[in-house]
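Secondary and tertiary structure notes
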Amino acid sequence: MKAIQIDDQKLSWADTEAPKPGPGEVAIRVRATAINRADLAQRAGVYPPPPGASEILGLECAGEIQQVGEGVTEWKIGDPVCALLSGGGYAETVVCPAGHLLPKPENLSFEQAAALPEVFATAWLNIFQEAALQPNESVLLHAGASGVGTAAIQLCRYFGNPCFVTVGGQQKLDYCVELGADAGFDRHSNSTVDQNQGSFASAVKEWRNGKGVDVILDPVGGNYLAGNMSCMAVNARLVLIGLMGGANADISLGLLMVKRFKLIGSTLRSRTDQQKTQLIQSLRENVWPLFDSDELKPIIETTMQITEAEQGFALVESNQTIGKVILTIP
Ligand SMILES: NC(=O)c1ccc[n+]([C@@H]2O[C@H](COP(=O)([O-])OP(=O)(O)OC[C@H]3O[C@@H](n4cnc5c(N)ncnc54)[C@H](OP(=O)(O)O)[C@@H]3O)[C@@H](O)[C@H]2O)c1
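Residues numbered from 1 in each chain as written. Predicted model: local features only at pLDDT ≥ 70, side-chain atom pairs only at ≥ 80, totals over all residues. Heavy atoms only, no water.

Of the regular secondary structure elements, the protein holds 11 helices and 15 strands. Rg of the C-alpha trace for the protein: 20 Å, near the compact-globule value of 20 Å for 330 residues, within the 12% margin. A principal-axis box enclosing the C-alpha atoms of the protein has dimensions of 55 × 40 × 35 Å. A total of 330 residues make up the protein; the buried ones form 53% of that total. For the protein, restricting intrachain contacts to residue pairs at least 6 apart in sequence, the fraction spanning at least 24 positions comes to 69%. Put simply, the protein shows about 14300 Å² of open surface, and 48% of that area lies on carbon and sulfur atoms. With 25 positive and 36 negative side-chain charges, the protein shows a spacing of 5 Å between the two charge centroids. (Helix = DSSP H or I, 4+ residues; strand = E, 2+ residues; numbered from the N terminus. Rg over C-alpha atoms; globule rule 2.2 N^0.38 Å. Buried < 20%, exposed > 50% of the residue type's maximum accessible area, 1.4 Å probe, protein only. Contact = heavy atoms within 4.5 Å. Areas by Shrake-Rupley, 256 points an atom, 1.4 Å probe, with all protein chains shown as cover. Lys, Arg positive; Asp, Glu negative; His and termini not counted. Charge placed at Lys NZ, Arg CZ, Asp CG, Glu CD.)

With 13 residues, helix α4 (residues 147–159) should reach 18 Å at 1.5 Å per residue; the first-to-last C-alpha distance of 19 Å fits that figure. In terms of burial, α4 is a largely internal element, 10 of the 13 residues being buried. Buried within α4 are the following residues: G147, V148, G149, T150, A151, A152, I153, Q154, L155 and C156. Of the surrounding elements, those touching the buried residues of α4 are α3 (117–130), β8 (139–142), β9 (163–167), α5 (170–179), β11 (213–218) and β15 (324–328). (Expected span 1.5 Å × (residues − 1).)

Taken together, 24 residues surround the ligand, and among them R37, V148, G168, R187 and L268 come closest. In the model, an oxygen atom of the ligand is placed 2.8 Å from a nitrogen or oxygen of the V148 main chain. Coverage of the ligand by the protein chains reaches 90% of its 930 Å² of free accessible surface. According to the grid-proximity analysis, the pocket containing the ligand is the largest pocket. Secondary structure elements with two or more residues in the shell around the ligand: α3 and α4. Along the lines of polarity and charge, the residues of the shell around the ligand split into 10 nonpolar, 10 polar and four charged. (Near = heavy atom within 4 Å. Polar contact = N/O pair within 3.5 Å; in protein donor to acceptor, adjacent residues only side chain to side chain. 1 Å grid on protein atoms, 1.4 Å probe; cavity = no way out; pocket = protein on both sides within 12 Å on 5 of 7 lines; lining within 4 Å. Sits in = over half its atoms within 2 Å of the grid points. Nonpolar A, V, L, I, M, F, W, Y, C, P; charged D, E, K, R; others polar.)

On to the domain arrangement of the protein. The domain architecture assigned to the protein consists of domain 1 (2–116 + 269–328) and domain 2 (120–265). One C-alpha centre belongs to domain 1, the other to domain 2, and the line joining them spans 27 Å. On the domain 2 side, the residues contacting the 22 residues of domain 1 number 20 residues. Between domain 1 and domain 2, a total of about 1800 Å² is buried, with carbon and sulfur atoms accounting for 65% of that surface. On the domain 1 side of the contact with domain 2, R271, L279 and I322 bury the most area, a combined 27% of that side's loss. Where domain 1 packs against domain 2, one counts one salt bridge. (Domains from an automatic or database assignment. Buried area = accessible area lost by both parts, 1.4 Å probe. Salt bridge = Lys/Arg side-chain N within 4 Å of Asp/Glu carboxyl O.)

Another aspect to go through is the pattern of salt bridges. Tallying each qualifying case throughout the model produces nine salt bridges. The salt bridge involving E64 is made with R31; its shortest N-O contact spans 2.8 Å. Taken together, the residues E64 in strand β4 (residues 60–68) and R31 in strand β3 (residues 25–34) connect sequence positions 33 residues apart. Measuring nitrogen to oxygen at the nearest pair gives 3.4 Å for the salt bridge that ties R43 to E310. Taken together, the positions of R43 in helix α1 (residues 37–43) and E310 in helix α11 (residues 309–317) put the pair 267 residues apart, joining distant regions of the chain. Salt bridges sharing common partners tie together R43, E310 and E317.

Note that soluble globular proteins tend to have their nonpolar side chains buried in a common cluster. If you look at the biggest cluster of nonpolar residues, it comprises 54 residues, and the most contacted ones within it are F120, L141, L283, V287 and W288. For this core, the leading source of residues is α3, giving eight residues. Each of two domains, domain 1 (2–116 + 269–328) and domain 2 (120–265), supplies a minimum of three residues to this core. Excluding residues that lie within four positions of it along the chain, W288 makes contacts with C82, L102, P103, P105, L116, P117, F120 and L283. (Core = buried A, V, L, I, M, F, W, Y, C linked by side-chain atoms within 4.5 Å.)

Before going further, it helps to spend a moment on the environment of G149. Tracing the sequence through the fold places G149 in helix α4. Between the alpha carbons of G149 and G265 there is a distance of 17 Å; along the sequence they are 116 residues apart. Among residues more than four places away in sequence, those in contact with G149 are L141, A143 and G144.

As a further point, take the packing of aromatic side chains. Centre-to-centre distance and the angle between the planes together describe a pair of aromatic rings. Counted according to the given criterion, the structure contains nine aromatic pairs. Between F120 and F291, the aromatic rings sit 5.0 Å apart at their centres with planes inclined by 90°, giving edge-to-face as the arrangement. Note that F120 is positioned in helix α3 and F291 in helix α10 (residues 289–292), a separation of 171 residues in sequence. Residues F120 and F291 agree in their burial class; the two are buried. Here F128 and F159 contribute two aromatic rings whose centre-to-centre distance is 5.1 Å and whose plane-to-plane angle is 55°, an arrangement assigned as tilted. In this pair, F128 is assigned in helix α3 and F159 in helix α4, connecting sequence segments 31 residues apart. Overall, F128 belongs to the buried group, its relative accessible area being 15%. Residue class for F159 comes out partly exposed when judged on its relative accessible area of 34%. Three or more aromatic residues joined by ring pairs make a cluster, and in this case those are W124, F128, Y158 and F159. (Phe/Tyr/Trp six-rings, centres within 6.5 Å; stacked < 30°, edge-to-face > 60°.)

Quick look at the structure:
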């Protein structure tokens, strides 16, 4: 089969050995995959795959089942599916545990379905499970126009939770509000304040009439911590899912104590197969039917061919995208 190979950070579509499914696994003929920030970090050599995972990039895909391993009874050859992967999606064939599959929503193409697993799994896991969002609680989403952000906005809108986004640029802000965000803040809007130093906090407090926000989904980290803490309500939960703004920060332990907030670190890829199977099951029950009823939709910036992966990576790195960049496999 062909797969993306990395040589000195250059991506090429070249021949390699196809994986075979073991017991409890399936092989998928990949029709489309998507670019995630983790792929960029893996290419740069700073985010190796977890032990046992494929060395090939690609954390999600959509396609048809090509082969089923021993003991797999729920799926059969030819079923259209999408999957959450530990790696290996940038290839003609990928193998994953059967428990990490979701049916491709019938009204969506393979390209559209490939935009769903990673971002909806991340948003669902971290906002609804880790932070245990309650009815009517408010949410702050950083990088609101990102893949994860646009999934999270839609989930908050559907479940009736008011949400505030931070984004880079008015066009992204307008898009997020149209998608369902209640309000937002353009992190590029105030050039006199360092754009990453938490200048969003006063806008969030104003939005909440001084009360503070209940749940924050934060892929930025370091230089947003002080701002996050200042605009959190008592008993709030801050779920840290990325470090785009740095891995270190000073923390006011007094404020943490007084606000009785929980700081939760969360990664999806390194969870066990069993934990991922449980998450996928929960997604299938609570979220997947909402694609059939058009309550939720994939948000896609653009679709390219897998051979154009380099350009796709550069586009994602430019921070100019809204939603996902999809790669199709012929
Ligand atoms: N922990 C997990 O399990 C997990 C799983 C999936 C994703 N993630 C993380 O979630 C984040 C979003 O992923 P994605 O694939 O949805 O990303 P994406 O679509 O590529 O969007 C990322 C956006 O983040 C914003 N950004 C970039 N650098 C920033 C900075 N220094 N400060 C503030 N904002 C910045 C940019 O938007 P603006 O310019 O509009 O702000 C950029 O477009 C990434 O950090 C990713 O690693 C974590």
